[in-house]
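Architecture at a glance
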Amino acid sequence: MSSGTVENTEPKESDEKTEEPESALETARRQLEHAAAHLDVDSGVIERLKHPTKVHRVAVPLERDDGEVEVFTGYRAQHDDVRGPYKGGLRFHPHVSEEECVGLSMWMTWKCAVMDLPFGGGKGGVVVDPKSLSSDEKEKLTRRFAEELRPFIGPKKDIPAPDMGTDAQTMAWFMDAYSMQEGETIPGVVTGKPPVVGGSEGRDEAPGRSVAIIAREAADYYDYDLEETTVAVQGFGSVGANAARLLDDWGATVVAVSDVNGAIYDPDGLDTRSVPSHEEEPEAVMTHDAPQKLSNEKILELDVDVLVPAAVGNVITADNAADVEADIVVEGANGPTTFAADSILQERGVQVVPDILANAGGVTVSYFEWLQDINRRQWSLERVNDELESHMLSAWNDVRAEVQARDVSWRDAAYIVALSRIAEAKSTRGLWP
Ligand code: NAD
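Residues numbered from 1 in each chain as written. Predicted model: local features only at pLDDT ≥ 70, side-chain atom pairs only at ≥ 80, totals over all residues. Heavy atoms only, no water.

Some remarks on the overall build of the protein chain
- Looking only at helices and strands, one finds 13 helices and twelve strands in the protein chain.
- The C-alpha radius of gyration of the protein chain comes to 21 Å, within 12% of the 22 Å expected for a compact globule of 433 residues.
- Seen through its C-alpha atoms, the protein chain measures out along the principal axes to roughly 60 × 55 × 45 Å.
- By residue count, 59% of the 433 residues in the protein chain fall in the buried class. (Helix = DSSP H or I, 4+ residues; strand = E, 2+ residues; numbered from the N terminus. Rg over C-alpha atoms; globule rule 2.2 N^0.38 Å. Buried < 20%, exposed > 50% of the residue type's maximum accessible area, 1.4 Å probe, protein only.)

Dropping the structure here:
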């Protein structure tokens, strides 16, 4: 998985004309101020939340396969832990930066709080192109990074997870390196591990499942019968394919899906299980037989009831927001809608259900994984999915209550729920010393 990953720092072609995408940090701070304007929160608490508690910068030396030694830079940003240990991914990507880690760690604080998980926000990574590493090099880099971060992390302090460029195997190496140095097996130090070493069933599917649950609830809220609801999904990877297939299973008509090469469209509905997902056969959506092929831009403009952008960030921009014909947008990717696009969609009455709620199934099942590790007791897939369903419904109901009470957008409502919880915890604990 890539728990809580955000790609809204990477400019997309369509943005280049009129709009500079915000950095993750700018987005996180703006959302904080937006939510604060609706709440009676002590200004000192807001000021504290604008700053990460700590940012660790470490050197990660690696002996390459050819014997050369290279030193990479790694970060771990720890935004806030008032509600519990920091939680968030570790990415291996050439664009990792301190500012990006801080911004993404703030997003994780809001995401965990909207889900009412007992976690705060963290994010980190190594500035490296993972494709340039052999498997041995990746393992050594991961182990050394784990060792450099060891004083700052742990099941009660900060619990990393996979993100862009890292995966379940990376987390297994990370957990092993940490455990070897601590002298005992400590599976709860990271989540997103393979089930055989303390990972949870249902973890990989969870973000897509939560997107499907929230899309189903949103359709119901706006009086659509799911059996008559049409859906388009951009991106057919872990999030997009799982969301599309579940919605299809539950009776919705998934008329279009896409990958990086383009989209397939069938107004009568696609058989989503027969379309290869990114994991099953990378970038093969267009090889599937369908009445029509569309570009990735056009899938966003289809006249459907529900649009799920589940590929990358910044795809709905000021340039194309006026062309979005869907009634409801459920954000599967992190940050698919730019700030400017959000206002245009709002003015046009298009409902946008935000990423921090919709794709939060990943971090929620990470929480379940952590509980299983601490209790040394594995849950069945059925239990994981039942608990995820009830956590998603409860978060949906909390956000819905704010939408109704304050007449605000779904995004503002989600941030209001998150900020009230964090601010109340901060005020109750007080400022030390
Ligand atoms: P993935 O790599 O499994 O799949 C991505 C899909 O998007 C692929 O089908 C790919 O072909 C397609 N794609 C890539 N670039 C594209 C482009 N420019 N235009 C259209 N399609 C494109 O990724 P994923 O794990 O499903 O993640 C998708 C999004 O969801 C990302 O924004 C990620 O940050 C976010 N997210 C993922 C998780 C998770 O655990 N997987 C959790 C929360 C959020």
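Let us keep going from here.
Considering the domain arrangement of the protein chain
- The assigned domain composition of the protein chain is domain 1 (52-197), domain 2 (206-358) and domain 3 (402-433).
- Once you take the C-alpha centre of each, domain 1 and domain 3 turn out to be 28 Å apart.
- Contact with domain 1, which involves ten residues of that partner, is made by nine residues of domain 3.
- Here domain 1 meets domain 3 over a buried area of about 880 Å², counting both sides, of which 69% is carbon and sulfur.
- Together, V82, W110 and V114 form the three largest contributors to the area buried by domain 1 at its contact with domain 3, with a combined 58%.
- On the surface where domain 1 and domain 3 come into contact, there are two salt bridges.
- Where R421 meets D116, a salt bridge forms, and the shortest distance between an N and an O atom there is 3.9 Å.
- Our count for the contact surface shared by domain 1 and domain 3 stands at four residue pairs in polar contact (both at pLDDT 80 or more).
- Top contributing element to the side of domain 1 that touches domain 3 by residue count: helix α3 (residues 98-114), with four residues. (Domains from an automatic or database assignment. Contact = heavy atoms within 4.5 Å. Buried area = accessible area lost by both parts, 1.4 Å probe. Salt bridge = Lys/Arg side-chain N within 4 Å of Asp/Glu carboxyl O. Polar contact = N/O pair within 3.5 Å; in protein donor to acceptor, adjacent residues only side chain to side chain.)

Structural notes on the confidence of the model for the protein chain
- Mean pLDDT over the protein chain stands at 94; residues scoring 70 or higher make up 96%.
- In the predicted structure, residues 1-17 sits below a pLDDT of 50 and forms 68 contacts with residues beyond four places in sequence or in another chain. (pLDDT = per-residue confidence, 0-100.)

A look at helix α7 (residues 238-249)
- Taking 1.5 Å per residue, twelve residues should reach 16 Å; α7 reaches 17 Å between its end C-alpha atoms and fits that length.
- By the burial criterion, the buried members of α7 are V239, G240, A241, A243, A244, R245, L246 and L247.
- Count one or two residues on from α7 and you reach G251, which has phi positive near 110°. (Expected span 1.5 Å × (residues − 1).)

With respect to helix α11 (residues 361-375)
- Under the 1.5 Å per step criterion, the end-to-end length of α11 is 21 Å for 15 residues, consistent within 8% with the ideal 21 Å.
- Burial analysis of α11 places twelve of its 15 residues in the buried class, which makes it a mostly covered element.
- Once α11 finishes, R376 follows within two positions and takes phi at roughly 50°, a positive value.

Focus: the environment of S343
- Mapped onto the elements of the fold, S343 is located in helix α9 (residues 339-347).
- A sequence separation of 25 residues divides S343 from A318, and the C-alpha atoms of the two residues are 8.9 Å apart.

Topic: the sheet that holds strand β4 (residues 120-127)
- The five strands lie next to each other as β1-β2-β4-β3-β5, forming an open sheet whose pairing is mixed. Each of the sheet's edge strands pairs with one partner strand only, and the pair in question is β1 (54-63) and β5 (158-162). The mean inter-strand angle of the sheet, taken between neighbouring strand axes irrespective of direction, is 25°.
- Direction of pairing for β1 relative to strand β2 (residues 69-80): antiparallel, over a ladder of ten bridges. Among the inter-strand pairings, E63 is bridged to a residue of β2, identified as V69. (Pairing = 2+ DSSP bridges. Axes fitted to C-alpha atoms, helices over the stretch in contact; angles between N-to-C directions.)

Observations concerning the side chain of Q234
- As for its position among the elements, Q234 is in strand β6 (residues 230-234).
- Using a relative accessible area of 5% as the deciding quantity, one classes Q234 as buried.
- The contacts of Q234, once residues within four sequence positions are left out, are S258, N296, I299, L300, V308, P309, A310, A311 and V315.

Quick notes on the packing of aromatic side chains
- Inspection of the entire model under this criterion finds ten aromatic pairs.
- Ring centres 6.4 Å apart and planes at 75° place the aromatic pair Y222 and W410 in the edge-to-face group. Of the two residues, Y222 sits in the loop between α6 (206-221) and β6 while W410 sits in helix α13 (residues 410-429), which places them 188 residues apart along the sequence.
- Overall, the relative accessible area of 28% leaves Y222 in the partly exposed class.
- Judged by relative accessible area, which is 1%, W410 ranks as buried.
- Ring centres of Y367 and F368 lie 6.0 Å apart, and the angle between their planes is 45°; on these two criteria the pair is classed as tilted.
- The structure contains a cluster of three or more aromatic residues connected by ring pairs, namely F119, Y367, F368, W370 and W379.
- Across the ring face of W250, the terminal group of R216 is positioned such that the distance to the ring centre comes to 4.9 Å.
- Note that R383 overlies the ring of W379, its terminal NZ or CZ placed 3.9 Å from the centroid. (Phe/Tyr/Trp six-rings, centres within 6.5 Å; stacked < 30°, edge-to-face > 60°. Lys NZ or Arg CZ within 6 Å of the ring centre and 35° of its normal.)

A look at the packing of helix α1 (residues 24-38) against α3
- Packing of α1 against α3 leaves a shortest axis separation of 7 Å and a crossing angle of 35°. Of the two possible hands of crossing, α1 and α3 adopt the one that is left-handed. Residues A24, L25, T27, A28, R29 and L32 of α1 touch α3, and the partners they reach there are E99, E100, V102, G103, L104, M106, W107 and W110. (Left-handed = near helix turned anticlockwise from the far one by under 90°.)

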